[in-house]
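Here is how the chains run, residue by residue.
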Amino acid sequence: MTADAPASPSLDLRDVEAFLRVPRVSAIAAGPGGRAAAVVQEADEHLSRLVPALWELTAEGPARRLTVSEKGESSPCFAPDGSLLFTSSRPDPTGEAPEGTTAIWRLPLAGEAQVLAHAPGGLELLDVAGDGTILAATSVLPGVSLEEDAEARAARKDAKRTTIWHTGMPIRQWDHERGDSSRHLLIVTAQGELRDLTPDAGTLPLHTSSAALSRDGRTVVTEWTERIARGETRTGLVRIDAATRERTPLLEATDEHGYDSPVLSPDGRLLAVTRSTVSTPTDTSYGRLEIHDLEGDGVVAVDLGDLTAGQVVWQADGGTLLVSGDLHSSGAVLAVDPSTGAVSTLADGGVFSSLSPAEDGSVLALRSDVATPARPVRITAEGVAELPAPGAVGPLPGTLEKVTTTVGGVEVPGWLCTPVGASAEDPAPTLLWVHGGPHSSYNAWSWRWCPWLFTARGYAVLMPDPAMSTGYGDAGLNRGWPRRPDVVLADCEALLDLVLERPELDGTRTAMLGASFGGFMANWIAGHTDRFDAIVSHAGLWALPQQHRTTDAAASKMRVHGHEDADPEWYRACSPHAAAAAITTPMLVTHGSRDFRVPISEALRLWWDLVSHWDGAPEDMPHRFLQLTSENHWVLTPSNALTWNETVLAFLDQHVRGGEPIPEALPW
């Protein structure tokens, strides 16, 4: 089935639901003959989920929708014969694929899509070789083979057994239990036959690994993680012979560094890999791009300057390595000469993701900035050209400006969104947003935290890139380490004070918002200053001695920060809960119950501390708590995002603008 994309209507960003219904381009893939396929997500009728579908894009005409199903389709990848591979849990018309599991499908140049391969634990599509061989991954229950997995799963389901047997750390990952199953790598033939490459993989080695398949389909290079003492792990790289399943160490991890994100050149001779240093109390983790000659001993170290790498891919001919990432409150794509490590800029002026090199030397990608959602583009030596696709957003309700100040001789940049109509006679209340991470950057459009929804309601939004932000080299990443909130606040306040000198901004009506690390900053700021009229904290760390042990990343947190008895001064100064009694600013706390990075226990303890420290009448307490029982670290369900945005806006209207209190029963 195919359908042309409808024209994009004018969008009123005061209407949160209309914003949440805008199509979102989330991935793109290049194919033979100049073809391009993209994943476009749209909210369903009830705003209950985002449903992905595949669209074909061309520069000559409108995008055409290729797939339609209730479950949706993802992970597009072209096979050498021009057919389009993708993954989906849509029903298999033949009934062969297990109901509800994710299978690999093939959409031929003519005809309907059909299941190519399936497994009881579902399939991930990782890579495709020149002969059509596919590298995939699946989940297998403990103690059984891939062939026995279906029977074991049926028995577990019939018994309603949900126990997990843990033998070490880690046990969780962001929003899901790791469980006791093992992740296996598989070879899928062009005929859909499965061959398990790692039948002996335990629960840990491949749990989050990325892997690469050589163009000839003979070699797989993958991350391999092992447990070591005191709850720590190490990740190195192994090479697997696809025919014999023989596994040999390739790059071994040490106490100082590990390896991740392997990418093989088309001829299989060169391996691009990230060597990541282990974080310590004095230094964060740094990623070093290296190119290894697998047929010799040569290693080329690549100096990316201030760019913080996000994605690494080889050009189709293997002559150039492409690296995209964050750079100076924006982003860039760099071209690397693999023989010398010399770097040049291929594209800049935005954040580029989902790089997919084409046969003709061009590169498909998604480009975004603070004012523009991710849009599909084709990058050539002549420049960057956008491809027509659903999801374009029209005129914005304000202006975007890059602002900078200097703190201690270091430049602190940020973005300022000012609403239309703000003036000295009618200045706009101003919001300070602190980003998460802390290794992150305000440089791209966000569907989860979109400043333009707030600008449309008359707020100015300041989004700084303070200490520890990405895109400013090692010095930027490490300034303020280990996660010093006082250093970050000094940067943010300096930039805020600078912009508040403008007559069109109202320095007497301000609020601060943040999520994750930004939520930690919100919680800490609440106990250390009363300059804001309101504070919104989402997924924020509250009691660090508690969070450092209960997060899914406990090993790195405890390695960096240590036990509170060993460094009591750092914990007293930096843990927000130590200043609970000093909080006077109205706080809105929001948190997902399924958040394993910052467990819900942080919000529960914060909420108790806020309520128990309030001495006034209960009905006069200004603090509020929005618990998102089905969400994780992010608010992903559109209906919950609607509630979150409207609640935050109403809370700000009440405490910043003097509006009406939020009713006991939320009306949205």
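Residues numbered from 1 in each chain as written. Predicted model: local features only at pLDDT ≥ 70, side-chain atom pairs only at ≥ 80, totals over all residues. Heavy atoms only, no water.

Student: How do you make sense of the overall build of the protein chain when you look at a structure like this?
Tutor: A count of helical and extended segments in the protein chain gives eleven helices and 39 strands. Taking 26 Å as the expected radius of gyration for a compact globule of 668 residues, we find that the protein chain reaches 25 Å, a close match to that expectation. Projected onto the principal axes, the alpha-carbon positions of the protein chain cover approximately 70 × 60 × 55 Å. With the model as given, the accessible surface of the protein chain reaches about 28,100 Å², and the carbon-plus-sulfur share is 49%. (Helix = DSSP H or I, 4+ residues; strand = E, 2+ residues; numbered from the N terminus. Rg over C-alpha atoms; globule rule 2.2 N^0.38 Å. Areas by Shrake-Rupley, 256 points an atom, 1.4 Å probe, with all protein chains shown as cover.)

Student: For this particular structure, what's the right way to read the nonpolar core?
Tutor: In summary, soluble globular proteins display a tendency toward joint burial of nonpolar side chains. Ranked by size, the top nonpolar core spans 46 residues in total, and within it L431, W433, F454, L513 and L652 carry the most contacts. Top element by residues in this core is helix α11 (residues 638-657). It accounts for nine residues. If you look at the next biggest cluster of nonpolar residues, it comprises 44 residues, including L462, V499, V598 and A603. (Core = buried A, V, L, I, M, F, W, Y, C linked by side-chain atoms within 4.5 Å. Buried < 20%, exposed > 50% of the residue type's maximum accessible area, 1.4 Å probe, protein only.)

Student: Please explain the sheet that holds strand β8 (residues 103-107) as it appears in this structure.
Tutor: Hydrogen bonds between backbone groups are what pair the strands of a sheet, and the pairing can be parallel or antiparallel. Read from one edge to the other, the open sheet built from four strands follows the order β6-β7-β8-β9, with strand pairing classed as antiparallel. Every interior strand has two partners, whereas the edge strands, β6 (74-78) and β9 (114-117), have only one. Direction aside, the axes of adjacent strands within the sheet are offset by 35° on average. Across five bridges, the pairing between strand β7 (residues 84-88) and β8 is antiparallel. Residue pairing across strands places L84 opposite L107, the latter belonging to β8. (Pairing = 2+ DSSP bridges. Axes fitted to C-alpha atoms, helices over the stretch in contact; angles between N-to-C directions.)

Student: Mind showing me how you'd approach the pattern of salt bridges here?
Tutor: A side chain with one charge can pair with a side chain of the opposite charge if their charged atoms come near. Applying the stated rule across the entire model yields 27 salt bridges. Here R247 and D200 are joined by a salt bridge, their closest N and O atoms 2.9 Å apart. With R247 in strand β19 (residues 247-251) and D200 in the loop between β15 (194-196) and β16 (211-213), this pair connects stretches of sequence that are 47 residues apart. Its relative accessible area of 30% is what places R247 among the partly exposed residues. A salt bridge links R657 to D653, with the shortest nitrogen-to-oxygen separation between them at 3.3 Å. With R657 and D653 both in helix α11 and four residues apart, this pair spans about one turn of that helix. Residue classification places R657 among the partly exposed residues on the basis of a relative accessible area of 34%. (Salt bridge = Lys/Arg side-chain N within 4 Å of Asp/Glu carboxyl O.)

Student: Is there a simple way to think about helix α6 (residues 517-526) in this case?
Tutor: Helical geometry note: an α-helix holds 3.6 residues per turn, so side chains three or four residues apart project in the same direction. Most of α6 is tucked away: ten of the ten residues are buried. For α6, the complete set of buried residues consists of F517, G518, G519, F520, M521, A522, N523, W524, I525 and A526.

Student: What am I meant to see in the layout of surface pockets here?
Tutor: Over the atoms rolls a probe the size of a water molecule, and its path tells where empty space is left. The calculated volume of the second largest pocket comes to roughly 510 Å³. Q41, L50, P52, D175, H176 and R594 are the residues that line the second largest pocket. Looking at side-chain class alone, the lining of the second largest pocket contains two nonpolar, two polar and two charged residues. (1 Å grid on protein atoms, 1.4 Å probe; cavity = no way out; pocket = protein on both sides within 12 Å on 5 of 7 lines; lining within 4 Å. Points joined across faces, edges and corners; volume = space filled by probe spheres on them. Nonpolar A, V, L, I, M, F, W, Y, C, P; charged D, E, K, R; others polar.)

Student: Whenever I open this one, the pairing of strand β28 (residues 351-357) confuses me. Can you help?
Tutor: When a strand is regular, its side chains alternate between the sheet's two faces. Where burial is concerned, most of β28 is hidden: five out of the seven residues are buried. The turn joining β28 and strand β29 (residues 363-369), which pair antiparallel and follow one another in sequence, is formed by five residues; a positive phi near 95° is taken by G361.

Student: What should I look at first to understand the packing of aromatic side chains in this one?
Tutor: Given two aromatic rings, their pairing is described by the distance between the two centres and the angle made by the two planes. Scanning the model with the defined rule gives eleven aromatic pairs in all. Centroid distance W433 to F454: 5.1 Å. Interplanar angle 90°. Geometry classified as edge-to-face. Of this pair, W433 sits in strand β34 (residues 428-434) while F454 sits in helix α3 (residues 451-455), placing them 21 residues apart in sequence. Of the two residues, W433 and F454, neither departs from the other in class, the shared state being buried. The interplanar angle of 55° and the centroid separation of 4.8 Å between the aromatic rings of W449 and W644 together place this pair among those described as tilted. You can see W449 sitting in the loop between β34 and α3 and its partner W644 sitting in helix α11, a full 195 residues away along the chain. Owing to a relative accessible area of 15%, W449 belongs among the buried residues under this scheme. Given the relative accessible area of 3%, W644 is considered buried. (Phe/Tyr/Trp six-rings, centres within 6.5 Å; stacked < 30°, edge-to-face > 60°.)

Student: Where do I start with helix α5 (residues 485-499) in this structure?
Tutor: An ideal rise of 1.5 Å per residue puts 21 Å on 15 residues; α5 measures up with 21 Å between its terminal C-alpha atoms. Among all positions in α5, only P485, V488, L489, D491, C492, L495, L496 and V499 are buried. When α5 is viewed along its axis, its buried side chains cluster within an angular range of 160° and face the same direction. (Expected span 1.5 Å × (residues − 1). Arc of directions from axis to C-beta.)

Student: When you look at the environment of T455 in this model, what are you seeing that I'm missing?
Tutor: The residue T455 is located in helix α3 in this model. Among the residues examined, T455 registers a relative accessible area of 2% and is labelled buried. The spatial distance from the C-alpha of T455 to the C-alpha of L364 is 32 Å, given a sequence separation of 91 residues. In this structure T455 touches P397, G398, C417, T418, P419 and V461, once residues within four positions along its chain are discounted. (Contact = heavy atoms within 4.5 Å.)

Student: What's the story with the environment of T167 in this structure? I'm lost.
Tutor: One can find T167 in the loop between α2 (149-159) and β12 (172-173). Spatially, the C-alpha atoms of T167 and R153 are 21 Å apart, while their sequence positions differ by 14 residues.

Student: Could you clarify how one ought to interpret the pairing of strand β30 (residues 372-380) in this entry?
Tutor: Sheet topology places β29 next to β30; six bridges connect them, and they run antiparallel. Opposite V363, over in β30, you have I379 as the bridge partner. The pairing of β30 with strand β31 (residues 383-386) spans four bridges and is classified as antiparallel. By the bridge assignment for β31, I379 is matched with V384.

Student: Sorry, what's going on with the packing of α5 against α6 here?
Tutor: Geometrically, a packed helix pair is captured by the angle between its two axes and the distance between the axes. Orientation of α5 relative to α6, taken along the N-to-C sense of each, is 90°, at an axis distance of 11 Å. Between α5 and α6, the angle is such that the two are roughly perpendicular. Residues P485, D486, V488 and L489 of α5 form the contact with α6, whose own contacting residues are F517, F520, M521, W524 and I525. Of the residues contributing to the contact of α5 with α6, the split by class is eight nonpolar, no polar and one charged. (Parallel < 35°, antiparallel > 145°, perpendicular 65-115°, else oblique.)

Student: Explain the sheet that holds strand β17 (residues 219-227) here, please?
Tutor: A sheet is described by the order of its strands in space; here four strands give the open sequence β16-β17-β18-β19, paired in antiparallel fashion. Of all the strands in the sheet, just β16 and β19 have a single pairing partner and so form its edges. On average, each strand axis in the sheet is tilted by 35° relative to the strand beside it, whichever way the strands run. The pairing of strand β18 (residues 233-241) with β19 spans four bridges and is classified as antiparallel. Residue pairing across strands places I240 opposite R247, the latter belonging to β19.

Student: What should I look at first to understand unusual backbone geometry in this one?
Tutor: It is generally the case that most residues other than glycine have a negative phi and that most peptide bonds are trans. In the segment running from M169 into P170, the intervening peptide bond is cis, with an omega of 0°. Its place among the elements puts P170 in the loop between α2 and β12. Following G437, the chain continues to P438 via a peptide bond in cis, the omega torsion being 10°. Along the chain, P438 turns up in the loop between β34 and α3. The phi torsion at S354 lies on the positive side, around 55°, for a residue other than glycine. Positionally, S354 belongs in strand β28. The phi dihedral of M468 falls on the positive side, at around 80°, and the residue is not glycine.

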